[in-house]
Amino acid sequence: MVNNTKTSKICIVPSFLGDCQEIKELAEVSGGVNFEVQQAYESHSTATSLGLDSDSGWGQRYKLGPCFNSPSVEEDNKPVAARLSKYYPSEKSKILVQNHSSLVSWHSWCKNSSPIVGWHIPDESYCKWVKKLEKRLGQKWRDLRIYETIMLSTRLISFDGPLMSALMCFWDKSCNAFLLPEGMMGITMEDVVAITSCSPVGIELSTLGTDLPDAKNTYQGIGVSSYGNFVTRSMALRDKEQEEMAFYLYWICKFLVCNRSVMVLKGFQCVAETIFHAKSPLALAPFLLGLAYNCLGNILRSDFSEHVSGPLWLVVLWAQAYFKPIAARSIAAQLPSPRQQHFNSIYSYGDYIIFSQVQGEKTFEECFIYLTDSRRKRQGEEWNPFLNREFGADWFRTFTLHQKHTRDEKNAWKAVLVAQDLPAYFSPPSFFLEPYSPNQFARQLGHLQSVPVPFYQTINQPWHSRNTVAPNVLKHAEKDYFTRKSAMSHVHQIHWFPSSDHAFNSWWLWCWENVASYLSDARKHFVLKFGNGPKKTRKKRRARTQKLQRGILQLPLFQSTS
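Residues numbered from 1 in each chain as written. Predicted model: local features only at pLDDT ≥ 70, side-chain atom pairs only at ≥ 80, totals over all residues. Heavy atoms only, no water.

Caption draft 1: Up close: the overall build of the protein chain. Looking only at helices and strands, the protein chain features 21 helices and 19 strands. Going through the 562 residues of the protein chain one by one, you find that 61% of them count as buried. For the protein chain, restricting intrachain contacts to residue pairs at least 6 apart in sequence, the fraction spanning at least 24 positions comes to 82%. Total accessible area on the protein chain is roughly 21900 Å²; 49% of this is exposed by carbon and sulfur atoms. (Helix = DSSP H or I, 4+ residues; strand = E, 2+ residues; numbered from the N terminus. Buried < 20%, exposed > 50% of the residue type's maximum accessible area, 1.4 Å probe, protein only. Contact = heavy atoms within 4.5 Å. Areas by Shrake-Rupley, 256 points an atom, 1.4 Å probe, with all protein chains shown as cover.)

Caption draft 2: Structural context of the nonpolar core. Counting 157 residues, the largest nonpolar core has Trp-141, Phe-170, Phe-247, Trp-251, Leu-312, Trp-313 and Phe-323 as its most contacted members. Here Phe-323 is in contact with Leu-163, Leu-167, Leu-180, Met-185, Trp-318, Tyr-370, Leu-371 and Arg-378, once residues within four sequence places are set aside. (Core = buried A, V, L, I, M, F, W, Y, C linked by side-chain atoms within 4.5 Å.)

Caption draft 3: Broad picture of the packing of helix 5 (residues 124-144) against helix 10 (residues 240-257). With their axes 11 Å apart at the nearest point, helix 5 and helix 10 run at an angle of 110 degrees to one another. Considering the angle they form, helix 5 stands roughly perpendicular to helix 10. Remark: the crossing between helix 5 and helix 10 carries left-handed chirality. Taking contact as the criterion, the partners of Tyr-126, Trp-129, Val-130, Lys-132, Leu-133, Arg-136, Leu-137, Lys-140 and Trp-141 in helix 5 are, on helix 10, Lys-240, Glu-243, Glu-244, Ala-246, Phe-247, Tyr-248, Tyr-250 and Trp-251. (Axes fitted to C-alpha atoms, helices over the stretch in contact; angles between N-to-C directions. Parallel < 35°, antiparallel > 145°, perpendicular 65-115°, else oblique. Left-handed = near helix turned anticlockwise from the far one by under 90°.)

Caption draft 4: Local environment of unusual backbone geometry. Phi angles above zero are rare outside glycine, and Cys-258 is one such case at about 50 degrees. Among the residues examined, Cys-258 registers a relative accessible area of 1% and is labelled buried.

Caption draft 5: Quick look at the environment of Pro-89. Residue placement: Pro-89 occurs in the loop between helix 3 (80-83) and helix 4 (106-110). A relative accessible area of 9% means that Pro-89 is categorised as buried. Residues Pro-89 and Cys-175, spaced 86 residues apart in sequence, show a C-alpha to C-alpha distance of 8.2 Å.

Caption draft 6: Representation of the pattern of salt bridges. What the rule picks out here adds up to eleven salt bridges. Its salt-bridge partner being Lys-132, residue Glu-243 comes within 3.0 Å of it at the nearest N-O pair. Of this pair, Glu-243 sits in helix 10 while Lys-132 sits in helix 5, placing them 111 residues apart in sequence. Judged by relative accessible area, Glu-243 falls into the buried class, the value being 3%. On the basis of relative accessible area, Lys-132 is assigned to the partly exposed category, the value being 38%. Salt-bridge contacts for Arg-376 lead to Glu-182; the nearest nitrogen and oxygen are separated by 2.7 Å. In this pair, Arg-376 is assigned in the loop between helix 15 (364-371) and helix 16 (394-397) and Glu-182 in the loop between strand 8 (177-180) and strand 9 (183-185), connecting sequence segments 194 residues apart. A single salt-bridge network, built from bridges that share partners, covers Glu-182, Arg-376 and Arg-378. (Salt bridge = Lys/Arg side-chain N within 4 Å of Asp/Glu carboxyl O.)

Caption draft 7: Just helix 12 (residues 284-301), in detail. If you check helix 12, its first and last C-alpha atoms are 26 Å apart, about what 18 residues at 1.5 Å a residue would give, namely 26 Å. With 16 of its 18 residues buried, helix 12 lies for the most part within the structure. One or two positions beyond helix 12, positive phi appears at Asp-303, with a value near 55 degrees. (Expected span 1.5 Å × (residues − 1).)

Caption draft 8: Representation of the packing of helix 12 against helix 13 (residues 312-322) within the structure. Their axes nearest at 8 Å, the elements helix 12 and helix 13 cross at an angle of 95 degrees. What the angle tells us is that helix 12 and helix 13 run roughly perpendicular. Along the contact surface, helix 12 presents Leu-288, Ala-292, Cys-295, Leu-296 and Ile-299, while helix 13 presents Leu-312, Trp-313, Leu-314 and Val-315. Across the contact of helix 12 with helix 13, the residue classes tally to nine nonpolar, no polar and no charged. (Nonpolar A, V, L, I, M, F, W, Y, C, P; charged D, E, K, R; others polar.)

Caption draft 9: Representation of the sheet that holds strand 9. Taken in spatial order, the three strands line up as 7-8-9 in an open sheet, and their pairing is antiparallel. Each end of this open sheet is capped by a strand with a single partner; those strands are strand 7 (171-172) and strand 9. Pairing geometry for strand 8 and strand 9, over three bridges, is antiparallel. Counterpart to Phe-178 in the pairing with strand 9 is Met-185. Those strands touched by helix 19 (residues 502-516) are strand 8 and strand 9, and its axis lies near 85 degrees from that of strand 9. (Pairing = 2+ DSSP bridges.)

Caption draft 10: How the structure looks around the pairing of strand 8. Burial along strand 8 is two-sided: the face carrying Ala-177 and Leu-179 and the face carrying Phe-178 and Leu-180 are both buried. Where strand 7 folds back on strand 8, the antiparallel hairpin that results is connected by four residues, among which Asn-176 adopts a positive phi of roughly 55 degrees.

The following block contains the structure:
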């Protein structure tokens, strides 16, 4: 969606160049790289588009780049497709379905209703705290674009064991995507915005852990404390400002970071103070997406250990929206339209997914078969279940591709479309960088999918590694992103027509054959060694979950004050 007209020079940290040059050479060798992509390399930009004349009357369609036009050009008898296997899927970091024999802990993880220690379960005292503060701070939360996300934190989100355990078999922690028969699919920045109604642009939260903000009032605080004690003591604070900052600190640790220590950590105090002092929207979506990516990667790296931090709940809601036919609690089709129901009780698509679930039963094997069915084809809006913008904040419902954009909307779309390294941290000063490559998910963003060029500017080298980085590197990644984002002159209007070109279809057929050869053995391994995964929830556990859900979901049905 970008038309780069200027060349922008940025500073690259030499020690992190790694295989960047190799990818650039690969692009040049292919000969089929479109002109916009070559221009992207020259300007160090990673979001470009190529307007095409559509024969079907849909008007212009755009490729989201950088991308290859032809992956079949050979050099030294080695096709480009084979050379890309280093990245899709990674030769050094095979996906689980290709590396299932060494798996040990998968069976306990996928049968657990709370798969990680930090899985967010709101209690009554927290919901009452939110309701108390909402009366005083509701409008501020709306101005900061975190109101709907805070409301979502009061909901009970059930873990979808069968679907998630099957999906994890196809998560590529190198490129942060699920590798499926239809191609790469993943959580986009737009998906995070839709599910939570948080903003993709504004005051950056990602690198706040590197410095304490220069603020007059700081959180004096309660110190490190368990969640339950922290809520009780914070609600009793007489100083309203201290109580507000305490709430943000608790909310960050338990709902956003979901830290495995199950404690409120003062390392996130700088983020809480920034939220307290903020006067304009917060860029919460990049913060959440980086944490979600890192969480999924760490689940695989730790052999499905429950001692992993991160907002896994976000991935569950995403999966249930994109894979409705197989979701454990499938979306109810008979729900009334938003205009016919009390809109104030459904704040975002995340809320909608939770409220519209109906009880269903199926096995891991059924989910595995569904996900690997090459006959399954996605059409139109199946590529983006949030396209109609029926739920969410007012600003989000006008955040579309088909209208003239305000400056704020243009910046928001740039955040969705520009590749970047997303900072993620769970215990400052431990920082990681997670690559976000939207050119891999072009169809989910309404574009024509072609063979994506790997995000060669990522600081993670080799590509599949995730090493702790220093604060100055974190700031460099952020500066690099802003430089490339500013090089985008405008965002094109497009007609929603997600599809793929011949180059991608040929390339992905080759890629999927490499994965499909493992499917039969992997399926037998999982089912025979571990049973059928999370087959059916026990009646006692299911009854307890339903009781808890009824009690918590109905507690904070706040009325809008706007």
